[in-house]
Every structure is written in structure tokens, then in C-alpha cells.
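# Results of the structural survey
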Amino acid sequence: MDCLREIEGKQAHDPMFIEKMNKSSKPRCIMVPGPVIVGAGPSGLATAACLKEKGVPSVVLERSNCIASLWQLKTYNRLRLHLPKQFCELPLMGFPSDFPTYPTKQQFVDYLEAYARRFDIRPRFNETVSQAEYDDKLKFWRVRSSDLKGKKVEYVCWWLVVATGENAEAMVPAIEGRAEFDGDIRHTSSYKSGEEFRGKKVLVVGCGNSGMEVCLDLCNHNARPSLVVRDTVHVLPREMLGRSTFGLSMWLLRWLPMRLVDRFLLIVSWLMLGDTARFGLDRPRLGPLELKNLSGKTPVLDVGTLAKIKSGDIKVCPSIKRLKRYAVEFENGKTENFDAIILATGYKSNVPSWLKETNMFSEKDGYPRKPFPNGWKGECGLYAVGFTKRGLLGTSMDAKRIAEDIERCWKAEAKQGQR
Ligand SMILES: Cc1cc2nc3c(=O)[nH]c(=O)nc-3n(C[C@H](O)[C@H](O)[C@H](O)COP(=O)(O)OP(=O)(O)OC[C@H]3O[C@@H](n4cnc5c(N)ncnc54)[C@H](O)[C@@H]3O)c2cc1C
């Protein structure tokens, strides 16, 4: 590390080198003594804070112009945390006690801003990482980024932490006849409020938490939403027996096997919500927790949408066959007019597009190949935070483990005098 830093230092003062660099399109090279963290969402911030606490400095690169860009720029206004705040706090700093059980999106962003301030985390904004690969000869990671003007930088580091998230890019399905549809089609990442759809007929595609909530929001703004349900889905009340369904499940899992807890959740849900299949929402064969564990598919925590489906304010529709000018033809042969379509079709990881490594991360889905809880660590100083399909709880676990692991190497190197 020392010799590289020395070369870098000499280069910085060498006029011939500077002139050459200015002429060539080669990126500027920056040596980073600690880890480079890609992404300034909750996962990147949590890892940087845990490292800081252990005396390890890091560089955080963020493609957007703010922290937590998913929350600030790509979520709808009515969003609140889906889980109670005690399951969503990052390591080393809890939520303020006066926050409600389910903080609003703005409160969550305020919390993250305060978190970044407290640990003095200053991400380098507007830097998109376009490539990262391990240099086998030098035994370093080379992380290339470019800013809005196309200026390129290469960061050279021993440790690389991938914190770009499970929701890096919107998943947009190919729908036959899409080009023919003359109404508004957008992904939920660009939906803010039902206000602009007042009085309009809107088709929401996808019945996860986002699709259900967008439907409710549309109803509350006097739009006329319909919901495409292509798959089976578990809808659970957000609270049961006076406690959050999530908290209660975690507590029961301490004493009972998962299948029994699933049975319990389904019985209470049936008592509280009725038979959801009657309203077009068939339940999967596996229970909600077992399904989440095996496939990562999250149950919907109902915040009022089901009542609107029961009352007929939200209509349930089958899969789309094709789109026409202002109409949608469904798989059951029926055609209906719509003014707009909102795709609540989820997100995907973007890791395969920039990380030139295939041992730790799968090229297929951009997730670590090793299942939870072992996906956080790869070879040669490569780490992943926030890819557990377990939300912010998973993020906290990963961040703490990564910081402990890097601290060990950091201290060992300091002892050997390599830094
Ligand atoms: C609508 C919605 C509600 C949710 N509610 C909850 C909840 O209540 N509780 C919960 O636990 N989880 C919830 N989640 C899950 C959510 O993904 C996590 O809470 C959290 O945002 C994950 O943090 P992250 O840092 O891993 O990813 P993100 O928040 O997605 O942050 C990743 C960051 O990496 C940046 N980035 C991506 N690619 C690059 C690149 N190439 N170069 C540089 N930067 C890059 C992005 O711009 C982004 O800022 C929700 C998700 C959604 C979509």
C-alpha cells in the first residue's frame, strides 16, 4: 500500500504526468487506505458507521445526489416503514423515541440524515460505479466511477463493499402492444401520489406491498383503480392480537417451529380478514414465513387495501394479454378501457452490470450465491451488505459482521507496519 501511495504522491507532483493525464482519457487514480463502499443507502451508511466506530475510514460512492436515493427519489408520498421501527433501525443509533411505531418516509429519511451526520459519513455523490474488478497481480480492487460530466476516477483499495441494494433498477415487464397504449404507463418508482390520477381509471400491475398501497392511495384520491393479480399472495393484517404481525411472528419463532407459526398466522388472518381467495387473492401452498424463507417473497401487510377490494372500490383483474390504444385485453378475453397503468412489478439488483466477479455474486440475479446468513463475505476482500431479502434487519447484521471482519485485517496490517 505504501509503495502505491508513494507512486501516487510522486505522480501528483510530476508536471509531465499531469499533462499526460489531462490529454489521455485515462481515469484519475485514487488510493483508498480503507474499504470502498458502493451505494449510500441504509446499507452503505450502516457499514460506513460500523467501520468508523472501529477506527477504519472508508470511501462511499453514490450515483445519486443524496443519501438513501431509493427512499428520497423513488417512493410514493404515503409510504411508511412496513415494519415497526425497532426492526428497522441501523446499528449504533436508534430512532428518536417520539417517532411513531411506523415512521413516515420523511421521518425515515430524517433519521438517515441524522445518522450520516452523527458518524460524519460524507459520500461522494454523483459518482456511478461502472466497473469494479480484482487485480490479481497487484492484489487490489480497481473501482471505476464516472461523474455527471463523464469524468472518470479509479479507486484502488483492498476491500470492496457492495451496497447497491436489492432495488437498484426498476423491473419493467415486456407487455404486448405497449407501444400502442396512449395513456400514461409508469413504474411505481415514478409514482408519488394519486392526486394526478383523480377521476381516472388506473390499472395497477402487481400485488405486493407497493401495488396494494398504490391502489389504496388511488382510492383515497378518488381515482378508480383495478389490480392485476397474476400470482398467489399472502395478505396478513399488519397487526394481530394488539401486536405487529412481524414482531409477533419473530417472538413465536423463538418457541415454535415455522410451520406452526405459519398455521397460527393463517388462522388469525382468516378470522380477521376472511377468505382472501373469495376476492381473487388465492394464497400460496406454503405458509407466509416458509415462503419468505425459501423464495424471499414478502407477504403483504394489509393497511386497508383489502377492505377496498371487498367493497368493490378496487377491482381484481387477471393477467394482461395485450394493450391497445386506451384499453387492456386480459387473459380471460375481456377488454376494458384505462387512462393509466402503474407497474408495481418490483426491482432488481444491478451488480452484474458493473462487478466483474462471478464467484460471490450470481450473474443471473445479482445476489450473493451463498444463502443467508453466509452471503456477506466473498474472496479477496469482497463483501455484500443488504442482499439478504430481510430488509433493514438483514442490513444491520451484515454491516456489523463486515466491519468486524475488516477491522481484524486492518489491525493485523497496522501491526505488520503495512500502513
Ligand atoms: C417501497 C419500499 C418500502 C420498503 N419498506 C421497508 C421497510 O419498512 N422495512 C425494511 O426493512 N425494508 C423495507 N424496504 C426494503 C428496502 O430496500 C430497504 O429498507 C433499504 O432501502 C435497503 O437499503 P440498501 O442500502 O441496501 O439499498 P438502497 O436503499 O436501494 O440503496 C442503494 C444505493 O446504492 C446506489 N447505487 C446503486 N448502483 C450504484 C452504482 N453503480 N454506483 C453508485 N451507487 C449506486 C443507489 O443510488 C442507492 O442510493 C422497502 C423497499 C421499498 C422499495
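Everything numeric in this text was worked out from a predicted model, so none of it was measured.

Basis of the calculations
Residues numbered from 1 in each chain as written. Predicted model: local features only at pLDDT ≥ 70, side-chain atom pairs only at ≥ 80, totals over all residues. Axes fitted to C-alpha atoms, helices over the stretch in contact; angles between N-to-C directions. Helix = DSSP H or I, 4+ residues; strand = E, 2+ residues; numbered from the N terminus. Parallel < 35°, antiparallel > 145°, perpendicular 65-115°, else oblique. Left-handed = near helix turned anticlockwise from the far one by under 90°. Contact = placed C-beta atoms within 7 Å. Nonpolar A, V, L, I, M, F, W, Y, C, P; charged D, E, K, R; others polar. Near = placed C-beta within 6 Å. Domains from an automatic or database assignment. Buried ≥ 20, exposed ≤ 12 C-beta atoms within 10 Å, placed from the backbone. Pairing = 2+ DSSP bridges. Core = buried A, V, L, I, M, F, W, Y, C linked by C-beta atoms within 7 Å.

### Brief notes about the packing of helix α3 (residues 42–53) against helix α5 (residues 105–118)
Orientation of α3 relative to α5, taken along the N-to-C sense of each, is 25°, at an axis distance of 10 Å. As the angle between them shows, α3 and α5 are arranged roughly parallel. Crossing of α3 against α5: the hand is left-handed. Counted together, Pro42, Leu45 and Ala49 of α3 and Leu112, Tyr115 and Ala116 of α5 form the full contact between these two elements. The residue inventory of the contact of α3 with α5, partitioned by class, reads six nonpolar, no polar and no charged.

### Remarks on the site of the ligand
As a structural note, the neighbourhood of the ligand is formed by 35 residues, with Gly39, Gly41, Gly165, Gly386 and Gly391 the closest of them. Only α3, α4 (69–73), β4 (128–135) and α12 (391–416) provide two or more residues apiece to the shell around the ligand. Taken together, the residues of the shell around the ligand break down into 15 nonpolar, 17 polar and three charged.

### Some thoughts on the domain arrangement of the protein chain
Examined at the domain level, the protein chain breaks down into domain 1 (2–168 + 349–418) and domain 2 (171–343). Placing the centre of domain 1 and that of domain 2 at their C-alpha centroids yields a distance of 33 Å. Tallying the contact residues gives nine residues for domain 1 and 14 residues for domain 2. Among the residues making up the side of domain 1 that touches domain 2, the classes are represented as four nonpolar, two polar and three charged.

### Brief notes about unusual backbone geometry
Residues other than glycine predominantly adopt negative phi, and peptide bonds predominantly adopt the trans conformation. Of note, the amide linkage connecting Phe372 to Pro373 takes the cis form, showing an omega dihedral of 5°. Note that Pro373 resides in the loop between α11 (351–354) and β22 (382–384). With a phi close to 50°, Leu241 is a non-glycine residue in the positive phi region. Note on placement: Leu241 falls in the loop between β13 (239–240) and β14 (243–244). For Cys380, which is not glycine, the phi torsion reads 55° and is therefore positive. Structurally, the position occupied by Cys380 is in the loop between α11 and β22. Since 16 C-beta atoms lie within 10 Å of it, Cys380 is described here as partly exposed.

### Brief notes about the sheet that holds strand β16 (residues 315–317)
Read from one edge to the other, the open sheet built from five strands follows the order β9-β20-β10-β11-β16, with strand pairing classed as parallel. Every interior strand has two partners, whereas the edge strands, β9 (184–187) and β16, have only one. Ignoring strand direction, the axes of neighbouring strands in this sheet form an average angle of 25°. The strands touched by helix α6 (residues 209–220) are β10 (201–205), β11 (224–228) and β20 (340–343); relative to β11, the strand with the most contacts, the crossing angle is about 165°.

### Some points on the sheet that holds strand β5 (residues 140–146)
One open sheet holds the four strands; their spatial order is β1-β6-β5-β4, and the pairing between them is mixed. At either end of the open sheet lies a strand with only one pairing partner, and these are β1 (28–31) and β4. Averaged over all adjacent pairs, the angle separating strand axes in this sheet is 20°, with direction ignored. With four bridges connecting them, β1 and strand β6 (residues 152–157) associate as parallel partners. Of the residues in β6, the one forming a bridge with Arg28 is Val153.

### Quick look at the environment of Pro237
Residue position: Pro237 is located in strand β12 (residues 235–237). Sequence separation between Pro237 and Met272 is 35 residues; the distance between their C-alpha atoms is 7.5 Å. When sequence neighbours within four positions are dropped, the list of residues in contact with Pro237 reads Thr245, Ser269, Met272, Leu273 and Asp302.

### Concerning the environment of Lys356
Assignment of secondary structure puts Lys356 in the loop between α11 and β22. Residues Lys356 and Glu180 lie 176 residues apart in sequence; the distance between their C-alpha atoms is 38 Å. When sequence neighbours within four positions are dropped, the list of residues in contact with Lys356 reads Gln131, Ala132 and Glu133.

### What about the pairing of strand β17 (residues 320–323)?
Strand residues, when the strand is regular, have side chains that alternate between the two faces of the sheet. Relative to strand β18 (residues 327–330), β17 is paired through three bridges, and the arrangement is antiparallel. Residue Leu323 lies in a different strand from β18, and its bridge partner there is Val328. Between β17 and β18, which pair antiparallel and follow one another directly, the connecting turn spans three residues.

### A short note on the nonpolar core
In terms of nonpolar packing, the biggest core is built from 57 residues, with Val36, Leu45, Cys157, Leu160, Val161, Val162 and Tyr383 touching the most fellow members. Per-element accounting of this core gives the leading share, six residues, to α3. Filtering out sequence-adjacent residues up to four positions away, Val161 remains in contact with Pro35, Ile37, Val38, Thr47, Tyr383, Val385 and Ile402. Val214, Val261, Leu265 and Ile320 belong to the second-largest nonpolar core, a separate cluster that totals 38 residues.

### Description of the environment of Ser146
Mapping Ser146 onto the fold places it in strand β5. Along the chain, Ser146 and Val129 lie 17 residues apart, while their C-alpha atoms are 6.6 Å from each other. If sequence neighbours within four positions are ignored, Ser146 has contacts with Thr128, Ser130, Lys151 and Lys152.

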